[in-house]
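Breakdown of the fold
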Amino acid sequence: GWTYVANSSAHIPLRTSMDVVAGDKLYFVLNRYGTAAKDATTFDPTIAYADGETHTASKEFGDEQGKKGWHYEYAARGPFYKPQAGEFLDLDYSAADRRWIKPGENEKKEDSLFISAAAMHPGGKEEVALVWTAPRAGRVQITSDLSNAGNRPVPGDGRSFRMGSGSYAPWDALMSRETGE
């Protein structure tokens, strides 16, 4: 099941444990709620084995796919689409921004997807996934807190209204059914 994280005043704890075998992949998937705008979510999971070996996403964050077991991926989505394992694609690392971005996207936009050391942001039509591969078998404890840091609190813990371009310079768009332009 999905959990809705309304805004920066909501801090949702993630506390779970499970048995893993070497090579198991744990997908931490973030998608959007209505619009991807302002859905930057703080998320820094720690995965700990019973013997004390730990893997924390921000501490092991790097510029190389698979380093220390971490992968940074995305999947295209449409209405009611649920990506399956294997449908996720690798993100590219942007050294200038120190985060993982969609291949070919160099320009920052409000709805651009990314994964940084301790935050994730879905795209307008994509989910992002922080993926960890278990190096060995054992029981792991997964802990983290989630907060929609990009969305300021409003009464009732909802999302806030944001002025769009139509508020300042009303405009219309037309499309030709024949050409798609």
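Refer to the preceding data block for the structure.
Here goes a summary of the coordinates provided. (Residues numbered from 1 in each chain as written. Predicted model: local features only at pLDDT ≥ 70, side-chain atom pairs only at ≥ 80, totals over all residues. Heavy atoms only, no water.)

A look at the sheet that holds strand S2 (residues 25-30)
- On the basis of which strands lie adjacent, the open sheet formed by four strands has the order S2-S12-S6-S7 and antiparallel pairing. If you trace the sheet from one side to the other, it starts and ends with S2 and strand S7 (89-90), each paired once.
- Bridging between S2 and strand S12 (residues 126-133) involves six bridges; their strand directions are antiparallel. If you follow Val29 over to S12, its bridge partner there is Ala129. (Pairing = 2+ DSSP bridges. Helix = DSSP H or I, 4+ residues; strand = E, 2+ residues; numbered from the N terminus.)

Observations concerning the packing of aromatic side chains
- What the rule picks out here adds up to eight aromatic pairs.
- Taken together, a centroid distance of 5.4 Å and an interplanar angle of 55 degrees make the contact between Phe28 and Phe43 tilted. Taken as a pair, Phe28 in strand S2 and Phe43 in the loop between strand S3 (41-42) and strand S4 (46-49) lie far apart in primary sequence, 15 residues in all.
- Taking 6.5 Å as the distance between ring centres and 50 degrees as the angle between the ring planes, the aromatic pair formed by Trp70 and Trp132 counts as tilted. Highlighted residues: Trp70 in strand S6 (residues 70-76) and Trp132 in strand S12, separated in sequence by 62 residues. (Phe/Tyr/Trp six-rings, centres within 6.5 Å; stacked < 30°, edge-to-face > 60°.)

Considering the nonpolar core
- In this structure, Ile47, Tyr72, Ile115 and Leu130 are the most contacted members of the largest nonpolar core, which totals 26 residues.
- Secondary structure elements with two or more residues in this core: S2, S4, S6, S12 and strand S13 (138-146).
- Every residue in contact with Tyr72, bar those within four places of it in the chain, is listed here: Glu60, Phe61, Gly62, Glu64, Gln65, Leu89, Asp90, Leu91, Trp100, Ile115, Ala129 and Leu130. (Core = buried A, V, L, I, M, F, W, Y, C linked by side-chain atoms within 4.5 Å. Buried < 20%, exposed > 50% of the residue type's maximum accessible area, 1.4 Å probe, protein only. Contact = heavy atoms within 4.5 Å.)

Let's talk about the environment of Ala95
- Within the secondary structure, Ala95 sits in the loop between strand S8 (92-94) and strand S9 (99-101).
- Distance from Ala95 to Asp63, taken between C-alpha atoms, is 7.6 Å for residues 32 residues apart in sequence.

Topic: the side chain of His55
- Summarising the element assignment, His55 is placed in strand S5 (residues 54-56).
- Polar side-chain contacts of His55 include one of 2.7 Å to the side chain of Glu53.
- There is a polar contact of 3.1 Å between the side chain of His55 and the side chain of Glu60.
- If we ignore the near neighbours within four places in the chain, the residues touching His55 are Pro45, Thr46, Ile47, Tyr49, Glu60, Lys68, Trp70, Trp132 and Pro135. (Polar contact = N/O pair within 3.5 Å; in protein donor to acceptor, adjacent residues only side chain to side chain.)

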